[in-house]
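The primary structure of each chain is shown beneath.
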Amino acid sequence: MCQTNSTSTSSSSSPKVHTTLAPGDEWIESFDLESFTRDVKCLGATLEAQQGPADVAHLNKIVFMSNLCAFIGLSTMWAAPNLVTAFFLSLWTFSRWTMIAHHTCHGGYDKCHPNKKRWNRFKFAVGSFWNRLCDWFDWMMPEAWNVEHNNRHHYCLSELDDPDLVENNLKDIRNASIPLLFKYAIVALNMLTWKWAYYAPNTYKELKLAQMRRRGESIPTDANPTDAVTIKVLLTGSNPFFTLSEFMLVVAGPYLLIHFFLMPLPYLFLSSPDAATYYSNAVKNLFYAELLTNLHSFVAIVTNHAGDDMYRFRDSCKPFSGSFYLRQVLASVDFQMGNDYVDFMHGWLNYQIEHHLWPNLSMLSYQKAAPLVRDICKKHNVPYVQENVFLRVKKTVDIMVGTSSMRWFPADYEAEYLEADKAVTAKKFGK
């Protein structure tokens, strides 16, 4: 076990003059960044050291639950369109992404899983179309999602460079001079279509940007890399990174064709006079499930970092520094949690704070971590937000339509913490 001290040699020993803190920010005045960082790093190291066969067994359980959803949905989709079939098809797609692919692509099982050829961040769903098809087949290209989510989102959280910053991505709607009712209607449409209309093209944009940076190419002067690329942008032809035809051929087209039309094809060849009806029903059920899984994933994912109690930041910070750890807590929210079935329905996104602190841990580790992280935050008076997911939907929609805004972390404290991070790095390397 790590040992922590109640005393610290942080920057608080050299008092500085700060601006008056806004209501709700009073905790910052006595906050000890160094002590908080030490406690978080200690817990992370302990959790990682504890990972082993139990984590693999737990992953296998979640895979079984996901496959069971697939079996029920696929074996009943010949029936007339119905909510039960759509629900299980939706939950299959949802769980394959949010739990199985998500944590594997982060490296959550790199060290503890015996099958290194599959359950590894550099192997799972990437490297070939076959791997994508077998491991995680969805609207998003896995390589693109790994860049957008695992790198850009996690290490630029709540900064302008965060590609998932809701307040920035919805600025056109927030600032639009249209009736509020129309804004709500637009948001409702986005809830049902966001995976293919926003997430798939925007993740592909981040992959393209990463490739340009690696090649040393300049970003086009007429392009703002922080602006989201959506289907709407592709249809207007105003995107300098890739064309609509490339997007359809490489990213979205294969999923559209195979998942919705080729996968149910066996029903069409049944020796039954109703075979054509069975196939038609299957296609319809898949499309209804698509609407449902978009809505489900919106509720569980988009709400993770949005609300008037979530902080925004101006400048980037060093990964796994004091500022980094603090930001993961202040810009993330947890939901109800406690057992595999509740967590499964939340896509394990109800442990968002813990996941952002240590992205490369297993699902089982996050269950262990949550009460301990809560205790650390209580010890240091750091706000730890945990709320019902549907209440978070309301707060997220308020951000999207512009009836509320996220709160900015005090600029002088942000700068002070970044300087403290630099001092720690300099001391570490003897500079």
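Residues numbered from 1 in each chain as written. Predicted model: local features only at pLDDT ≥ 70, side-chain atom pairs only at ≥ 80, totals over all residues. Heavy atoms only, no water.

> Which parts of the structure should I look at to understand helix H5 (residues 142–155)?
Side chains three or four residues apart in an α-helix point the same way, a direct result of the helix having 3.6 residues per turn. Taking 1.5 Å per residue, 14 residues should reach 20 Å; H5 reaches 18 Å between its end C-alpha atoms and fits that length. Among the 14 residues of H5, 10 are classified as buried, and the element is accordingly described as predominantly covered. Every buried residue of H5 is listed here: Pro142, Ala144, Trp145, Asn146, Val147, Glu148, His149, Asn150, His153 and His154. Turning to H5, the residues buried within the fold contact helix H3 (83–105), helix H4 (129–135), helix H8 (180–215), helix H12 (322–330) and helix H14 (352–357). (Helix = DSSP H or I, 4+ residues; strand = E, 2+ residues; numbered from the N terminus. Expected span 1.5 Å × (residues − 1). Buried < 20%, exposed > 50% of the residue type's maximum accessible area, 1.4 Å probe, protein only. Contact = heavy atoms within 4.5 Å.)

> Help me understand the packing of aromatic side chains, please; the structure alone is not making it clear to me.
To describe a pair of aromatic rings, one takes the distance between the centres and the angle between the planes. Summed over the entire model, instances satisfying the criterion amount to 32 aromatic pairs. Geometrically, the ring pair formed by Trp27 and Phe31 is edge-to-face, given 5.6 Å between the ring centres and 80° between the ring planes. For the pair Trp27 and Phe31, one class covers both residues: buried. For the pair Trp194 and Phe298, a centre-to-centre distance of 6.5 Å together with 80° between the ring planes defines the contact as edge-to-face. Of this pair, Trp194 sits in helix H8 while Phe298 sits in helix H11 (residues 275–301), and the two are 104 residues apart along the sequence. Judged by its relative accessible area of 6%, Trp194 is buried. Taken together, the aromatic side chains of Trp27, Phe31, Phe36, Tyr311, Phe313, Phe409, Tyr413 and Tyr417 make up a single cluster linked through ring pairs. (Phe/Tyr/Trp six-rings, centres within 6.5 Å; stacked < 30°, edge-to-face > 60°.)

> How do you make sense of the nonpolar core when you look at a structure like this?
Soluble globular proteins tend to pack their nonpolar side chains together in the buried interior. Formed by 120 residues in total, the largest nonpolar core has its most connected members in Trp27, Phe36, Leu326, Trp358, Val373, Val382 and Phe409. The element best represented in this core is H8, accounting for 12 residues. In contact with Phe409, not counting residues within four places along its chain, are Trp27, Ile28, Tyr311, Arg312, Phe313, Arg314, Leu326, Leu330, Glu414 and Tyr417. (Core = buried A, V, L, I, M, F, W, Y, C linked by side-chain atoms within 4.5 Å.)

> Just to check I follow, could you spell out the state of the cysteines for this structure?
Defined simply, a disulfide is a covalent bond joining two cysteines at their sulfur atoms. All chains considered together, the criterion is met by 0 disulfides. Cysteine Cys112 shares no disulfide, and the gap to the nearest cysteine sulfur, in Cys105, comes to 15 Å. Among the residues examined, Cys112 registers a relative accessible area of 15% and is labelled buried. (Disulfide = S-S within 2.5 Å.)

> Quick question: what am I supposed to make of the layout of surface pockets here?
To find the voids left in a structure, one rolls a probe of water-molecule size over its atoms. Of the volumes computed, that of the largest pocket is approximately 1200 Å³. Around the largest pocket sit 45 residues that line it, and Asn169, Leu170, Tyr198, Ala228 and Thr230 are the ones nearest its centre. Taken together, the elements giving at least two residues each to the lining of the largest pocket come down to H3, H5, helix H6 (166–169), helix H7 (171–175), H8, helix H9 (231–236) and H11. Among the elements that line the lining of the largest pocket, the one with the most residues is H8, at 9 residues. (1 Å grid on protein atoms, 1.4 Å probe; cavity = no way out; pocket = protein on both sides within 12 Å on 5 of 7 lines; lining within 4 Å. Points joined across faces, edges and corners; volume = space filled by probe spheres on them.)

> Explain unusual backbone geometry to me, please; I cannot follow it from the model alone.
Negative phi values dominate among residues other than glycine, just as trans dominates among peptide bonds. The backbone of Phe320 shows a phi angle near 60°, a positive value even though the residue is not glycine. If you trace the backbone, Phe320 turns up in the loop between strand S1 (311–312) and H12. Positive phi outside glycine occurs at Trp348, with the angle close to 60°. Note that Trp348 resides in the loop between helix H13 (340–345) and H14.

> Hey, could you run me through the environment of Gln50 in this one?
Note that Gln50 resides in helix H1 (residues 33–50). By relative accessible area, which is 45% here, Gln50 ends up partly exposed. With residues near it in sequence (within four places) discarded, Gln50 still touches Asp55 and Lys368.

> Quick question: what am I supposed to make of the pattern of salt bridges here?
Two side chains of opposite charge can pair, provided their charged atoms sit close to one another. The tally for this structure, following the rule as stated, stands at 24 salt bridges. For the salt bridge of Glu206 with Lys205, the shortest nitrogen-to-oxygen distance reads 3.2 Å. In this pair, the class of Glu206 matches that of Lys205, namely buried. Between Lys395 and Glu387 there is a salt bridge, with the nearest N and O atoms lying 3.4 Å from each other. Three or more residues joined by partner-sharing salt bridges are found here, namely Glu159, Arg314, Arg327 and Glu414. (Salt bridge = Lys/Arg side-chain N within 4 Å of Asp/Glu carboxyl O.)

> Which parts of the structure should I look at to understand the packing of H5 against H8?
How two helices pack is summed up by the angle between their axes together with the distance between the axes. For the pair H5 and H8, the least separation of the axes is 7 Å and the interaxial angle reads 80°. When the axis of H5 is compared with that of H8, the two are roughly perpendicular. In this structure, H5 uses Glu143, Ala144, Trp145, Val147, Glu148, His149 and Arg152 to contact H8, whose residues at the interface are Tyr198, Tyr199, Asn202, Thr203, Tyr204, Glu206, Leu207, Ala210 and Arg213. Taken together, the residues of the contact of H5 with H8 sort by class into 8 nonpolar, 3 polar and 5 charged. (Axes fitted to C-alpha atoms, helices over the stretch in contact; angles between N-to-C directions. Parallel < 35°, antiparallel > 145°, perpendicular 65-115°, else oblique. Nonpolar A, V, L, I, M, F, W, Y, C, P; charged D, E, K, R; others polar.)

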